[in-house]
Amino acid sequence: MTEKRKKLIDTIFSVTWWAVFLSLFALVFGIISAKIKGEVPKIFGYSVVKIITPSMGKEIPVGTYVLIKETDPEDIEEWDIICFYSDDPAIKGYPNLHRVVKPPVQIGDKFEYITKGDGNAMEDSVTAKSDKLIGRYVKSLDWLGDLSDAVNSKGMMVFVFVMFVLSIGITRGSLCSFSCS
C-alpha cells in the first residue's frame, strides 16, 4: 500500500470517527439540555417517553416506551392519544399520555382537550392545553425496553467504554500499524 493511500484511509477513518463523535455529542447535549429544562427531548420532531403509570391500561402498559410525533395543536382530533405537560396538581409539569375523548375546544388561538387514560374510569379533571402539547402518540417501541435494560447493565457499560478507547486508539494511530509491516 502506498504512503498516499495510507494517509487517505487514515484521513477517511479519522473524519468519520470525529463526525460520529460530534453528532453523538450534539445529541447527548440536546438531551441533557432538555432534561435540565424539565422538558421531553425532541430529535427531528420526535420524542420517546417511558410510561410509568397504568393509566393507559393494557394497550400501553407500564414500562413501555412510546414514540411521540410533534403535531400542530389544530391537527389533534377526538380519539387521538396525545402527550402533554399536565396541569393536574398531582403531576403538574410532568408529561402525561392520555386519549382525547371529546372534540377539541378552540379558545382564541389555543385549544383545550378533554382527556382520559384508557385504564381510568373517569375523564381527567384538568384539560390538556395546546400550549403544553408535546405531540401525538405514534406507536409503542417494545424493543426499546429490552435495549434499555441491556445498555444499563454493567457489562454493556464496560463494553462501550472499551470500544470507545479502542476507536480513539485506531483513529489516533495509523491503521496500517495493525495490518502493515
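Residues numbered from 1 in each chain as written. Predicted model: local features only at pLDDT ≥ 70, side-chain atom pairs only at ≥ 80, totals over all residues. Heavy atoms only, no water.

With that settled, consider the overall build of the protein. Within the protein, the regular secondary structure consists of four helices and nine strands. Start at the N end of the protein and walk to the C end: the helices and strands fall as α-β-β-β-β-β-β-β-β-β-α-α-α. Out of the 181 residues belonging to the protein, those deemed buried represent 28%. Of all intrachain contacts in the protein linking residues separated by at least 6 positions in sequence, the fraction that spans at least 24 positions is 52%. Summed over all atoms, the accessible surface of the protein reaches about 12300 Å², with 64% contributed by carbon and sulfur. (Helix = DSSP H or I, 4+ residues; strand = E, 2+ residues; numbered from the N terminus. Buried < 20%, exposed > 50% of the residue type's maximum accessible area, 1.4 Å probe, protein only. Contact = heavy atoms within 4.5 Å. Areas by Shrake-Rupley, 256 points an atom, 1.4 Å probe, with all protein chains shown as cover.)

Before going further, it helps to examine the pairing of strand β4 (residues 95-100). Counting buried residues in β4 gives five out of six residues, a clear majority hidden from the surface. As judged from the five bridges shared by strand β3 (residues 81-85) and β4, these two strands associate in the antiparallel manner. By the bridge assignment for β4, I82 is matched with H98. Bridge count between β4 and strand β7 (residues 115-116): two bridges; the pairing is antiparallel. Within the sheet, the bridge partner assigned to V100 lies in β7 and is T115. (Pairing = 2+ DSSP bridges.)

Right, let's get into a negative patch on the surface. A cluster of like negative charges, contributed by D72, E74, D75 and E77, occupies part of the molecular surface. By the element assignment, E77 lies in the loop between β2 (65-69) and β3. Owing to a relative accessible area of 52%, E77 belongs among the exposed residues under this scheme. (Patch = residues over 30% accessible without salt bridge, like charges linked within 9 Å, V, L, I, M, F, W, Y side chains within 5 Å. Salt bridge = Lys/Arg side-chain N within 4 Å of Asp/Glu carboxyl O. Lys, Arg positive; Asp, Glu negative; His and termini not counted. Charge placed at Lys NZ, Arg CZ, Asp CG, Glu CD.)

Let us now look at the pattern of salt bridges. Overall, the coordinates contain nine salt bridges when judged by the stated rule. Residues K6 and E3 are paired through a salt bridge, measuring 4.0 Å at the closest nitrogen-oxygen approach. Of the two residues, K6 and E3 are both situated in helix α1 (residues 3-36); the distance of three residues between them amounts to about one turn of the helix. When the shortest N-O distance is used, the salt bridge between D80 and R136 registers 3.1 Å. Here R136 lies in strand β9 (residues 133-140) and D80 lies in the loop between β2 and β3, a separation of 56 residues in the sequence. The class for D80 is buried, based on a relative accessible area of 14%. Each of D87, K92, K129 and K132 takes part in one network of salt bridges that share partners.

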